[in-house]
Amino acid sequence: MARKPFAFGRNWRAFVERFLNEDRIAEAVKSLTEFCRDYDFKNRTFLDIGCGSGLFSLAACRLGASKVVSFDIDPECVRCCNLLRQREGNPANWSVMQGSILDSEFISTLGEFDCVYSWGVLHHTGNLWKAVENGSRLVANGGIMYLAIYNRADSIGFYPDGRFGPSALWVKVKRTYSRAPLAIQTLIDALVMSGLVLGYCMTLQNPIKRIRSHKELRGMSWRIDIRDWLGGYPYEYASVAEVFSFVKRLGFSLENLKSTNGLGNNEYLFRKLVPVISQGRP
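Residues numbered from 1 in each chain as written. Predicted model: local features only at pLDDT ≥ 70, side-chain atom pairs only at ≥ 80, totals over all residues. Heavy atoms only, no water.

**Looking at the packing of aromatic side chains**
Here's step 1: The full count for this structure, using the stated rule, is 15 aromatic pairs.
Here's step 2: On the basis of an interplanar angle of 55° and a centroid distance of 4.9 Å, the ring pair of Trp 170 and Trp 229 is categorised as tilted. With Trp 170 in helix H7 (residues 167-179) and Trp 229 in helix H10 (residues 222-231), this residue pair connects regions lying 59 residues apart in the sequence.
Here's step 3: With a relative accessible area of 11%, Trp 170 lands in the buried category.
Here's step 4: Positioned above the aromatic ring of Trp 229 is the side chain of Lys 174, whose terminal nitrogen or guanidinium carbon lies 3.6 Å from the ring centre. (Phe/Tyr/Trp six-rings, centres within 6.5 Å; stacked < 30°, edge-to-face > 60°. Helix = DSSP H or I, 4+ residues; strand = E, 2+ residues; numbered from the N terminus. Buried < 20%, exposed > 50% of the residue type's maximum accessible area, 1.4 Å probe, protein only. Lys NZ or Arg CZ within 6 Å of the ring centre and 35° of its normal.)

**A few points about the nonpolar core**
Here's step 1: If you look at the biggest cluster of nonpolar residues, it comprises 39 residues, and the most contacted ones within it are Leu 32 and Phe 46.
Here's step 2: Residue assignment for this core shows that the elements contributing at least two residues are helix H1 (8-18), helix H2 (22-35), helix H3 (55-62), helix H4 (75-87), strand S3 (94-98), strand S4 (113-119) and strand S5 (139-150).
Here's step 3: Setting aside its immediate chain neighbours within four residues, Phe 46 contacts Leu 32, Phe 41, Phe 56, Ser 57, Ala 60, Ala 65, Lys 67, Val 68, Val 69, Phe 113, Cys 115 and Tyr 117.
Here's step 4: Membership of the second largest hydrophobic core comes to 27 residues, among which are Phe 106, Ile 107, Leu 110 and Leu 138. (Core = buried A, V, L, I, M, F, W, Y, C linked by side-chain atoms within 4.5 Å. Contact = heavy atoms within 4.5 Å.)

**Regarding a nonpolar patch on the surface**
Here's step 1: Residues Ile 156, Phe 158, Phe 164, Leu 169 and Val 173 make up a contiguous nonpolar surface patch of about 500 Å² in total accessible area.
Here's step 2: Relative to the elements of secondary structure, Phe 158 occurs in strand S6 (residues 157-158). (Patch = residues over 30% accessible without salt bridge, like charges linked within 9 Å, V, L, I, M, F, W, Y side chains within 5 Å. Areas by Shrake-Rupley, 256 points an atom, 1.4 Å probe, with all protein chains shown as cover. Salt bridge = Lys/Arg side-chain N within 4 Å of Asp/Glu carboxyl O.)

**Overview of the pattern of salt bridges**
Opposite charge on two side chains permits them to pair, given that their charged atoms come into close proximity.
Here's step 1: The tally for this structure, following the rule as stated, stands at 10 salt bridges.
Here's step 2: Salt-bridge contacts for Asp 154 lead to Arg 152; the nearest nitrogen and oxygen are separated by 3.9 Å.
Here's step 3: In this structure, the salt-bridge partner of Asp 189 is Arg 227, at a minimum N-O distance of 2.3 Å. Placement of the pair is Asp 189 in helix H8 (residues 182-202) and Arg 227 in helix H10, with a sequence separation of 38 residues. Each of the two residues, Asp 189 as well as Arg 227, counts as buried.
Here's step 4: Members of the salt-bridge network, linked through shared partners, are Arg 13, Glu 17, Glu 76 and Arg 79.

**With respect to the state of the cysteines**
Here's step 1: Considering all chains together, one arrives at zero disulfides under this definition.
Here's step 2: Cysteine Cys 61 is unpaired, with the sulfur of Cys 81 as its nearest cysteine sulfur at 8.9 Å.
Here's step 3: The exposure class assigned to Cys 61 is buried, which follows from its relative accessible area of 14%.
Here's step 4: Distance from the sulfur of Cys 80, which forms no disulfide, to the nearest cysteine sulfur (Cys 77) is 6.1 Å.
Here's step 5: A residue is classified by how much of its surface remains accessible, and Cys 80, at 0% relative accessible area, is buried. (Disulfide = S-S within 2.5 Å.)

**Considerations on the pairing of strand S2 (residues 67-72)**
Here's step 1: Within S2, five of the six residues are buried, which leaves it mostly tucked inside the rest of the structure.
Here's step 2: In this sheet, S2 lies alongside strand S1 (residues 45-49) in parallel orientation, the contact comprising five bridges. Looking at S2, one finds that Asp 48 is bridged to Ser 70.
Here's step 3: In terms of handedness, the path from S1 via H3 over to S2 forms a crossover that is right-handed.
Here's step 4: Note: S2 against S3, five bridges, orientation parallel. For Asp 72, the partnering residue across the bridge sits in S3 and is Gln 98.
Here's step 5: Note on the crossover from S2 through H4 to S3: the handedness is right-handed. (Pairing = 2+ DSSP bridges. Right-handed = clockwise from strand over helix to strand, strands pointing away.)

**Re the sheet that holds strand S8 (residues 252-258)**
Here's step 1: If you trace the seven strands from one edge of the open sheet to the other, you get S3-S2-S1-S4-S5-S9-S8, paired in mixed fashion. Of all strands in the sheet, those bounded by a partner on one side alone are S3 and S8. Strand after strand, the sheet turns through a mean of 15° between neighbouring axes, direction not considered.
Here's step 2: Against the sheet, H4 touches S2 and S3, its axis set at about 165° to S3. (Axes fitted to C-alpha atoms, helices over the stretch in contact; angles between N-to-C directions.)

Structure (C-alpha cells):
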C-alpha cells in the first residue's frame, strides 16, 4: 500500500487563520536570528523548503532578505503561504510555488541561495537522505543551511519532552493516525490533549500558562504542534552523528547545534565550504 501523507496543509491553515498574530511572528523572527547567530539576512537570498504555513518565509522578508522563495509539495500549504504573502502586501521579492525537494528536475530550476531553511520537513518526505542532499545543492558557496530533523531515540520509555519511545514505535502510530478518518483523528487529538493537561496538573504546572507559553517555541501553537506530531507521516529520524557525518561529506561545516535526548527535532546550522582552488606553481 502506498504511503498516505498527513494533511499538513489543513493543519497549517488552522494555524494561520486562528492563531497567527504579530507576537508569534516576532517569536519566529527572534528564533531564526538567534539560532543563525545573528546572521545578517538583509540583501541575502532565502529558500524555504517545505514552507508549511509560510511563517519563516515571512520572517526572512521582515529581516530584509532580497529574495525569498517558498515551496511545498502540499497545495494547501502553498495556499497558506500565499495567504501570508498577501497579508504582507504581496512583496515582489517573495515567490511561492508547489514542488518537491525529491524532484531533481524541479530543484534544478531554483538556483542557489545564501540561506536554505528546512525545519521539520525533510524527515516527512519518505527519503530523508536524498532530501538532505538535494537541499544541500541549493546552498551557495559560503552560504548556510538550517535544518531540523527528528532525533533517533532507541530506548523504550518516557523522554524529557514527555513523549514515549522508541522512535520506531512512532512510525506505526503515525501511519495509523494519518490513515484514520478525520473524526477519529479529532478524537485522538482530544484524548492526547486532555492527557497532557492532566499531566501538567499532576506535576503542579499551570496548564493555561504552559499552553500559552508554547508560542515562545518559534511562534508555534500547542494544539497545532500536537496534531503535527501525531500525524507527521512519512516519518524518519536520525542521530546527530548520522546527520553530521552525512552533511560533512557534502562539503559543509557545522556552525551551530541544538540537540535533544528525546524524540523531538535536533537543529543544525551548516555552512557550505568554499572550494579551495589550487594556484599551482608559477
